[in-house]
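Results of the structural survey
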Amino acid sequence: MKPVLVILVAIGAFTVYHNMHKNTETQASTQTVEEAYDKLQQVENTPKLVDKKGGLLISKDGYGKSVEGAPTVAIYMDFLCPGCGNLHRQLDEDLQKMVDAGQINLDLHFMAFMDKWSTDDYSSRAANAAIYLAEHDSDPSHLITFLEKMYAEDFQPEESSNYKSVSDDQIKEQMIASGVSEDVADKAFGRDYQDWRHRHLYAEALRTVEHVRNLQRQHDHPNGDHQRQVLGYEPVEHCAGDH
């Protein structure tokens with residue numbers, strides 16, 4: 001089995017859990033994680049490049065082609081999440097070099113659970129734009145460059161009461177600056193994948209609920225330091241919009 005490193009820094013299992021468990025707890029007992037992913041496959045306008053878990057694989061060989069023997073780094077992100085921004089500002093340049101060298105595969109998951117901490121569904125608009133870019137531009141380096149520019153300190157907006165509206169045109173400028181054609185950038189804001197993205201988010205929420213429950217069963221400290229040590233990070237309350 002190929003090794004997979006999952007990066008949940010700033011999103012984190014606990015952050016996702018706290019944001020979404022109220023909407024999933026009532027259905028978690030009647031729908032399994034596998035059933036939720038099966039439902040994901042049934043969405044009419046599913047992106048062609050994503051796998052059954054909603055991931056977008058990138059390697060030196062392009063989209064959807066893994067380099068044999070190279071580890072896969074899975075990253076779950078929300079474009080409004082400040083911790084995600086910190087992560088990408090530190091890693092994206094190195095990740096691009098490692099992808100180009102065939103040292104890693106990237107498995108990208110575009111989440112949008114922070115819409116309510118903007119005034120204009122920024123997370124959803126940005127996530128849909130990123131997926132559209134991948135589906136209509138065959139060069140993965142354009143997508144990684146787009147991530148770098150979206151998470152740049154002078155572009156990524158703050159969340160909650162500090163949020164300042166970001167227009168589609170501003171996001172489009174970042175796409176074009178990343179090497180994407182104007183024709184593709186012009187068409188990236190129709191929210192083509194909105195239904196699929198909602199299903200993806202729901203399936204991930206169920207998976208997170210199941211994961212947290214398993215940890216709670218395995219350890220006697222569901223909210224304590226021991227559980228945080230097991231996961232290897234602290235819950236990120238700021239990213240969750242709790243000010």
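To start, this report covers the structure provided alongside it. Just so you know, the residues in each chain are numbered from 1, in the order the chain's sequence is written. Whole-chain, interface and lining totals are the exception, using all residues; otherwise, since this is a predicted model, local features are given only for residues with pLDDT of at least 70 and side-chain atom pairs are given and counted only at 80 or more. Remark: hydrogens and water are excluded; side-chain values derive from all non-hydrogen atoms of the structure.

**Some points on unusual backbone geometry**
- Even without a glycine there, the phi angle at Ser 160 is positive, about 60°.
- For Ser 160, the position within the fold is in the loop between helix H5 (140–150) and helix H6 (168–177).
- Residue Ser 160 is classed as partly exposed on the basis of its relative accessible area, which comes to 25%.
- Even without being a glycine, Arg 191 presents a positive backbone phi close to 55°.
- Starting at the N terminus, helices and strands are each numbered in turn, a helix being any DSSP run of H or I of at least four residues and a strand any DSSP run of E of at least two. Along the chain, Arg 191 falls in the loop between helix H7 (182–186) and helix H8 (194–218).
- Each residue gets one of three labels from its accessible area relative to the maximum for its type: buried under 20%, exposed over 50%, partly exposed in between, using a 1.4 Å probe on protein chains only. For Arg 191, a relative accessible area of 28% translates into the label partly exposed.

**Digging into the environment of Lys 53**
- Along the polypeptide, Lys 53 turns up in the loop between helix H2 (33–41) and strand S2 (56–59).
- Look at Lys 53 and you get partly exposed, because its relative accessible area is 43%.
- Each C-alpha atom of the pair Lys 53 and Ala 36 lies 9.8 Å from the other, and the pair is 17 residues apart in sequence.
- Contacts between residues were defined by any pair of non-hydrogen atoms, one from each residue, lying within 4.5 Å. Those residues within four positions of Lys 53 in sequence are excluded, and the remaining contacts are Tyr 37, Leu 40, His 109, His 200 and Glu 204.

**Here we look at the pattern of salt bridges**
- Any carboxyl oxygen of Asp or Glu within 4 Å of a side-chain nitrogen of Lys or Arg constitutes a salt bridge here. Enumeration over the complete set of coordinates arrives at nine salt bridges.
- With a closest N to O distance of 3.7 Å, Glu 93 and Lys 97 form a salt bridge. Of this pair, Glu 93 and Lys 97 are both found in helix H3 (residues 82–100), four residues apart, which corresponds to roughly one turn of the helix.
- Classification of Glu 93 by relative accessible area gives exposed; the value is 53%.
- For Arg 125, the salt bridge goes to Asp 168, with nearest N and O atoms at 2.6 Å. Taken together, the residues Arg 125 in helix H4 (residues 122–136) and Asp 168 in helix H6 connect sequence positions 43 residues apart.
- Judged by relative accessible area, Arg 125 falls into the buried class, the value being 9%.

**Observations regarding the packing of aromatic side chains**
- Pairing of aromatic side chains here covers Phe, Tyr and the six-membered ring of Trp, requires ring centres within 6.5 Å, and sorts the geometry by plane angle: under 30 degrees stacked, over 60 edge-to-face, intermediate tilted. Using the criterion set out here, one finds four aromatic pairs in the structure.
- Each ring, one from Phe 79 and one from Phe 110, has its centre 6.0 Å from the other, and the planes form 5°; the classification is stacked. A residue pair is termed long-range when its members are at least 10 positions apart, and Phe 79 in the loop between strand S4 (72–77) and H3 and Phe 110 in strand S5 (residues 105–110) qualify at 31 residues. The exposure classification of Phe 79 matches that of Phe 110, with both residues buried.
- Seen in terms of ring centroids, Phe 79 and Tyr 151 are 5.4 Å apart; in terms of plane orientation they differ by 20°. Their pairing is stacked. Separated by 72 residues along the polypeptide, Phe 79 in the loop between S4 and H3 and Tyr 151 in the loop between H5 and H6 bring together distant segments of the chain.
- Using a relative accessible area of 0% as the deciding quantity, one classes Tyr 151 as buried.

**Regarding the packing of H3 against H5**
- Close contact between H3 and H5 brings their axes to 9 Å; oriented N to C, the two are set at 160°. Here H3 lies roughly antiparallel to H5, going by the angle between them. The two elements H3 and H5 cross, and the hand of that crossing is left-handed. Along its contact with H3, which presents His 88, Asp 92, Glu 93 and Gln 96, the element H5 presents Ser 141, Ile 144, Leu 147 and Glu 148.
- Split into classes, the residues belonging to the contact of H3 with H5 amount to two nonpolar, three polar and three charged. Lines are fitted to the C-alpha atoms to define the axes, a helix being fitted only along its stretch in contact, and any angle between axes, read from their N-to-C directions, falls within 0 to 180 degrees. Every angle not falling under 35 degrees, over 145, or within 65 to 115 is termed oblique; those three ranges are roughly parallel, roughly antiparallel and roughly perpendicular. Crossings are sorted by hand: turned counterclockwise from the far helix by less than a right angle, the near helix makes the crossing left-handed, and turned clockwise it makes it right-handed. The nonpolar class holds Ala, Val, Leu, Ile, Met, Phe, Trp, Tyr, Cys and Pro. Asp, Glu, Lys and Arg form the charged class, and all remaining residues, Gly among them, are polar.

**What about the pairing of S2?**
- In S2, alternate side chains face the same way, and those of Leu 56 and Ile 58 on one face and Leu 57 and Ser 59 on the other are all buried.
- The criterion for strand pairing is that DSSP finds at least two bridges linking the strands in question. Bridge count for S2 against S5 is three bridges, and the pairing is antiparallel. From the neighbouring strand, Leu 56 faces S5, where its bridge partner is Leu 108.

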